[in-house]
Amino acid sequence: MTRIIAHVDMDQFYAAVEMRDHPHLQGKPVIIGSDPKQGQGRGVVSTASYAARKFGVRSGQPIRQAWQLCPQGVFLPVDMERYALASQQIHQVFQRFTPMVEALSLDEAFLDLTASQKLFGSGLEMAQQIKRGVFEATRLTCSAGLAENKFLAKTASDLRKPDGLVVVPTGGGREFLAPLAIGRLWGVGEHSEPVLRNLGINTIGDLDAYPLDALARHIGARAAQDFKALARAEDVRPVEGSVAAQSIGRENTFEEDSRHAPLLRSTLMELCEDVAHRLRREQKEAGRVTLKVRFTGFETHTRQALLKPGTAHGPDLLAQVRPMLDAFLQSDARKVRLLGVSASALKPLQAQVQLTLDEGSQQRRRLADVALDAVNARFGEGTLKPAALVGPKGIRHRTGFSK
Ligand SMILES: [Mg+2]
């Protein structure tokens, strides 16, 4: 049976939220990310508005480079609360059409609409309704791609931004892909693109026509097979329903790269507490925790651990990620630029405390969390912290800036 997959991607999302809420920013080069500090800042660009992109500013770019390219830009800190609220509103619209929603980030998702046709009409009609629904809910535009698989849908959504809608007709994927630049093929990146272009492969169609064995000699058998399949528009991966994809995370870029273990550990603890607090606020618990470590020079590593049972408690997260950090520090002599902790495999927070031998201590911990959250909600974030976070090496090491 032919599937109907939509990929929906908000246009310049963080910047769009800022421009919606501060109309005088409309059309300006708005750059959301860490503090550029007159070109001395650390950290990266989260989102650049289209006007900023004209100056060459891109998300993921070091913020100081963005400042050099566009010193007249309006630099704003990430205001995750507001973006998360818009994201929730968008997801509520998606859920009206299908429960099969795979969120890739706050502002991007795959929707499997195959089973929704009887209720809502053709794929095209649904895509139009979704775009309208998103705009009505948020006053923000999105771009959508509609196709029989994920790769085609995601490729299509990117072609006519902003406010675009591109439909790839069923069976027409191969022709649709053929004229597109080879860099649009999933998995083709900094390393492989020059190799392919050297072989005269400039479009996806060129790759489709290139003999498999010859390709395998240059990029390896596995990559050659994967690329050839994608170029034929073959992608059978399912849209992974709502459980898996969502995550709640926090990152900290240090003012100066550091190997000072007490600072790294207290930062890690703080990140865990913060992620746990957000989990509880969302009434969620995590089944998985991920540590991200970026060393000097941008090389980034991640490690994951399963959490059994699920948890929304900072020390439980820390118990998993702290040994991972120690292992990284032992195996790598470089300084650390960034630490991040994220919680995923989210489930509704268990309201009832399980009757186990551990019941007393679990209950006490939950009550302590509830009290902590309540005081912070009443008197402001950071009023109360676990004891180990209070002290000279607390949050002052964070980047962050106010206008
Ligand atoms: Mg987007």
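Our subject is the structure that appears above.
A brief report on the enclosed structure follows.

Our focus in this paragraph is helix α12 (residues 221-231). Those residues of α12 that sit buried are Ala224, Phe227, Lys228, Ala229, Leu230 and Ala231. Elements that come into contact with the buried residues of α12 comprise α7 (150-157), α8 (173-177), α9 (192-198), α10 (204-209) and α11 (212-219). Of the residues one or two after α12, Ala233 is the one with positive phi, at around 70°.

Two numbers describe how helix α14 (residues 261-281) lies on helix α15 (residues 314-331): the axes approach to 9 Å, and their chain directions differ by 145°. Viewed along their axes, α14 and α15 form a crossing whose handedness is right-handed. Between α14, through Leu264, Arg265, Leu268, Met269, Cys272, Glu273, Val275, Ala276 and Arg280, and α15, the contact on the second element is made entirely by Gly314, Pro315, Leu317, Leu318, Val321, Arg322, Leu325, Asp326 and Leu329. Looking at the contact of α14 with α15 residue by residue, the classes come out as twelve nonpolar, one polar and five charged.

Once that is clear, we can look at the sheet that holds strand β2 (residues 30-33). Overall, mixed pairing links the three strands, which are arranged β3-β2-β4 in an open sheet. With partners counted over all chains shown, the strands left at the sheet margins are β3 (45-48) and β4 (74-76), one partner each. Between one strand and the next, the sheet's axes are offset by a mean angle of 25°, whatever the strand orientation. Where β2 and β3 come together, three bridges link them in antiparallel fashion. Each residue of the ladder has a partner; that of Ile32, found in β3, is Thr47.

Here the focus is the sheet that holds strand β9 (residues 247-258). An order of β9-β12-β10-β11 is seen for the four strands of this open sheet, with the pairing classed as antiparallel. Edge positions in the sheet fall to β9 and β11 (300-311), since each has one partner strand and no second. Looking at each pair of strands side by side, their axes are set apart by 15° on average, direction ignored. Here α14 sits on the sheet in contact with β9, β10 (284-295), β11 and β12 (336-348), set at roughly 160° to β9.

Another aspect to go through is the coordination of the magnesium ion. The magnesium ion binds to the protein through Asp9 (OD), Met10 (O) and Asp107 (OD); the donor distances cover 2.2 to 2.5 Å. Sequence spacing among the residues donating to the magnesium ion works out to D-M-x96-D. With Asp9 in strand β1 (residues 5-10) and Asp107 in the loop between β5 (101-105) and β6 (108-112), this pair connects stretches of sequence that are 98 residues apart. Asp107 carries the same exposure label as Asp9, and that label is buried.

The rules behind the values
Residues numbered from 1 in each chain as written. Predicted model: local features only at pLDDT ≥ 70, side-chain atom pairs only at ≥ 80, totals over all residues. Heavy atoms only, no water. Buried < 20%, exposed > 50% of the residue type's maximum accessible area, 1.4 Å probe, protein only. Helix = DSSP H or I, 4+ residues; strand = E, 2+ residues; numbered from the N terminus. Contact = heavy atoms within 4.5 Å. Axes fitted to C-alpha atoms, helices over the stretch in contact; angles between N-to-C directions. Left-handed = near helix turned anticlockwise from the far one by under 90°. Nonpolar A, V, L, I, M, F, W, Y, C, P; charged D, E, K, R; others polar. Pairing = 2+ DSSP bridges. Donors = N, O, S within 2.8 Å, 3.2 Å for Na, K, Ca; no water.

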